[in-house]
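Tertiary structure, described
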Amino acid sequence: MTTAKCDGPAGRILVVGGYGAVGATVTSTLAEWFPGRVVPGGRDEARARRHGGVRIDVSDPVGFRQVLDGLGDVTAVVLCVEPPDAVIARACLERGIHMVDIGATRRLLDAVAELHGLAVGAGATAVLSVGVAPGLTNLLARRAHDAVGGAQRLDLTVLLGSGERHGVDAVRWTVAGLAEPVTARPERTVLPGYGTRTAHPFPFSDQHSLSRTLSVPEVTTRLCLDSRPLTAALFALRRTGLLRTGTARPGVQRMLTAAFSRVHLGGDGFAVRADARRGDRHAAYALTGREQSRVSGLVAAYVTRALLTAALPAGVHHIEQLRALADLPETLAAHGVTLLRRLDPQPQR
Ligand SMILES: NC(=O)c1ccc[n+]([C@@H]2O[C@H](COP(=O)([O-])OP(=O)(O)OC[C@H]3O[C@@H](n4cnc5c(N)ncnc54)[C@H](OP(=O)(O)O)[C@@H]3O)[C@@H](O)[C@H]2O)c1
């Protein structure tokens, strides 16, 4: 890891969810670069204080504003937990506080993107789509898109290690995603180190934001796990409709969340791949690494560092819109992430 201390505007960095699976890496990495300036936060007061932080709850906007105003010198907030709506983002941006959001829910990211004018007026920058997916998927998609001279179609594939101890909130988010309706088809894709895998359409936010930021008409993100049997079982369960919300499904979702939080079959590796197509042109990029929570946290830490030191433009931006962040996959090589450029093209489908 780069341990050199950084300058940048004075003031503290509040990491909300700062002792969770992703947030713990954000907190420790930023604390190396900005010693004495990082404040982790969460709802458990005793735990927050043990980490030198504060009690804070994103579902309590009044209390959230009081914490921001009480700290008095917060320069940046890193959201490592999804708030219920965009009120928390508004509270940060209207105060001129920069923001990094690792959330993966389309509805929430769209609501924050609507605060662009407010952020510009306040001189604040918010970066969305930060992590592995969304995040690194967006950056690979941008490269593949540029390589074909503007994609007509983008296919993103995410493989997650079912042996990793993913955070509870991340598991809950994934199980909830299984309940959403599906329009695209599964696809077979080669993932470096994992062979040919069947990946299933999944509601990661990247496919929606990329279709707008890159003006690509057809974008689909698909998911598989490193364990083939678990992938097959999970998506067979989805096809039964048992997980859909609105009926007696929350109980089934809770059971599945608990099972995934306890059972760790498989490894802790992950892979992402982006394929862009335009006519008969095809470009593909992929990367692999270990521990998606840790790498998501590293992406958030590097984005925060760029926010504080690289004069990013004011406003709300998805990661692929900021050229200063385009080399992040190469930067992550120091943390065991391997980038593969232009994989052998897959046969045209
Ligand atoms: N972009 C990506 O690639 C990516 C990757 C992984 C995860 N994520 C997203 O990141 C989020 C966190 O994932 P995780 O794996 O780190 O989960 P986690 O281990 O469960 O961590 C969640 C953290 O947030 C805190 N928290 C929960 N509710 C809160 C609230 N209302 N107010 C303030 N703090 C709260 C928790 O502490 P307390 O319970 O003490 O409050 C905990 O520290 C999830 O929404 C997940 O979907 C995104």
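Predicted model, so just to flag it, every value in this text is computed and none were measured.

Some words on the site of the ligand
Around the ligand sit 28 residues in total, of which Tyr-19, Ala-21, Arg-43, Asp-57 and Val-132 are the nearest. Ile-102 is positioned such that a nitrogen or oxygen atom in its backbone is 3.0 Å from a nitrogen atom of the ligand. The separation between an oxygen atom of the ligand and a polar main-chain atom of Val-132 is 2.8 Å. In isolation the ligand has 920 Å² of accessible area, and contact with the protein removes 89% of it. Per element, the largest residue contribution to the shell around the ligand is four residues, and it comes from helix H8 (residues 168-178).

Overview of helix H10 (residues 228-240)
Along its 13 residues, H10 runs 19 Å from first to last C-alpha, staying within 8% of the 18 Å computed at 1.5 Å per residue. Taken residue by residue, H10 has Thr-231, Leu-234, Phe-235 and Arg-238 as its buried positions. The buried residues of H10 occupy one face: seen down the axis, they fall within an arc of 85°. Facing away from the buried side of H10 by more than 90 degrees, the exposed set consists of Pro-229, Arg-239 and Thr-240.

Focus on helix H7 (residues 132-147)
Here H7 spans 21 Å end to end across 16 residues, near enough to the 22 Å set by a 1.5 Å rise per residue. Burial runs high along H7: 14 of the 16 residues are buried.

Regarding the domain arrangement of the protein
How big an interface is tends to be stated in terms of accessible area lost as the parts join. What the domain assignment reports for the protein is domain 1 (12-132 + 294-329) and domain 2 (141-292 + 332-340). The centre of domain 1, based on its C-alpha atoms, is set 24 Å off from the matching centre of domain 2. With 25 residues of domain 1 at the contact, the number on the domain 2 side is 26 residues. A per-residue breakdown of the area domain 1 buries against domain 2 is headed by Arg-294, Glu-320 and Pro-329, which together make up 30% of the total. Applying the counting criterion to the domain 1 and domain 2 interface returns three salt bridges. Across the salt bridge formed by Asp-110 and Arg-212, the nearest N and O atoms sit 2.9 Å from each other. Where domain 1 meets domain 2, there are 18 residue pairs in polar contact (both at pLDDT 80 or more). If you list the elements that add at least two residues to the side of domain 1 that touches domain 2, you get helix H5 (106-113), helix H12 (292-309) and helix H13 (328-331). Of all the elements, H12 adds the most residues to the side of domain 1 that touches domain 2, at six residues. Residues that form the side of domain 1 that touches domain 2 fall into these classes: twelve nonpolar, six polar and seven charged.

Observations regarding empty space enclosed by the protein
Tallied over the full model, the rule gives one cavity of 30 Å³ or more. Looking at the largest cavity, its volume works out to about 50 Å³. Every residue lining the largest cavity is listed: Leu-79, Pro-83, Asp-85, Ala-86, Ile-88, Ala-89, Asp-101, Leu-108 and Val-112. When residues of the lining of the largest cavity are traced back to their parent elements, those giving at least two are helix H4 (87-93) and H5. Taken together, the residues of the lining of the largest cavity break down into seven nonpolar, no polar and two charged.

Here's the deal with unusual backbone geometry
Cis rather than trans, the peptide bond between Ala-133 and Pro-134 has omega equal to 5°. By secondary structure assignment, the location of Pro-134 is in helix H7. Backbone geometry at Ser-129 places phi at a positive 60°, although glycine is not the residue there. Judged by its relative accessible area of 0%, Ser-129 falls in the buried class. The phi angle at Ala-311 is positive, at roughly 50°, despite the residue not being glycine. If you trace the backbone, Ala-311 turns up in the loop between H12 and strand E13 (315-318).

Criteria and thresholds
Counting of residues starts from 1 at the beginning of each chain's written sequence and follows it residue by residue. Since the coordinates come from a predicted model, pLDDT governs what is reported: local features require at least 70, and pairs of side-chain atoms require 80 or more to be given and counted, while whole-chain, interface and lining totals use all residues. Side-chain numbers come from the whole structure's heavy atoms, not from hydrogens or water. Throughout, the term near means that a residue has one or more heavy atoms lying within 4 Å of the molecule or strand in question. The term polar contact refers here to a pair of N or O atoms within 3.5 Å; inside protein, the definition further demands a hydrogen-donor-capable atom paired with an acceptor-capable atom, and it admits residues adjacent in sequence only when both atoms are side-chain atoms. In this description, accessible areas are obtained by the Shrake-Rupley approach with a 1.4 Å probe, and a residue is regarded as covered only by the protein chains that are shown. Helix and strand assignments follow DSSP, with helices taken as H or I runs no shorter than four residues and strands as E runs no shorter than two, numbered in order from the N terminus. For a helix, the expected span equals 1.5 Å multiplied by the number of residues minus one. Here the term buried applies to any residue with accessible area under 20% of the maximum for its type, exposed to any over 50%, and partly exposed to those in between, with areas from a 1.4 Å probe on protein chains only. As used here, the arc is the angular range of directions from the helix axis to the C-beta atoms. Reported domain spans reflect what an automatic or database domain assignment gives. The criterion used for residue contact is that any of the two residues' heavy atoms lie within 4.5 Å. Take the accessible area each of two parts loses on contact, using a 1.4 Å probe, and add the two losses: that sum is the buried area. Salt bridges, as used here, are contacts in which a Lys or Arg side-chain nitrogen is within 4 Å of a carboxyl oxygen on Asp or Glu. Basically, the charged four are Asp, Glu, Lys and Arg, the nonpolar ten are Ala, Val, Leu, Ile, Met, Phe, Trp, Tyr, Cys and Pro, and anything else, Gly included, counts as polar. Grid points spaced at 1 Å over the protein atoms alone were grouped into cavities, where a 1.4 Å probe fits but cannot get out, and pockets, open sets with protein on both sides within 12 Å along at least five of seven lines, with lining residues defined by an atom within 4 Å of a point. Grid points are joined across faces, edges and corners, and a volume is the space filled by probe spheres set on the points.

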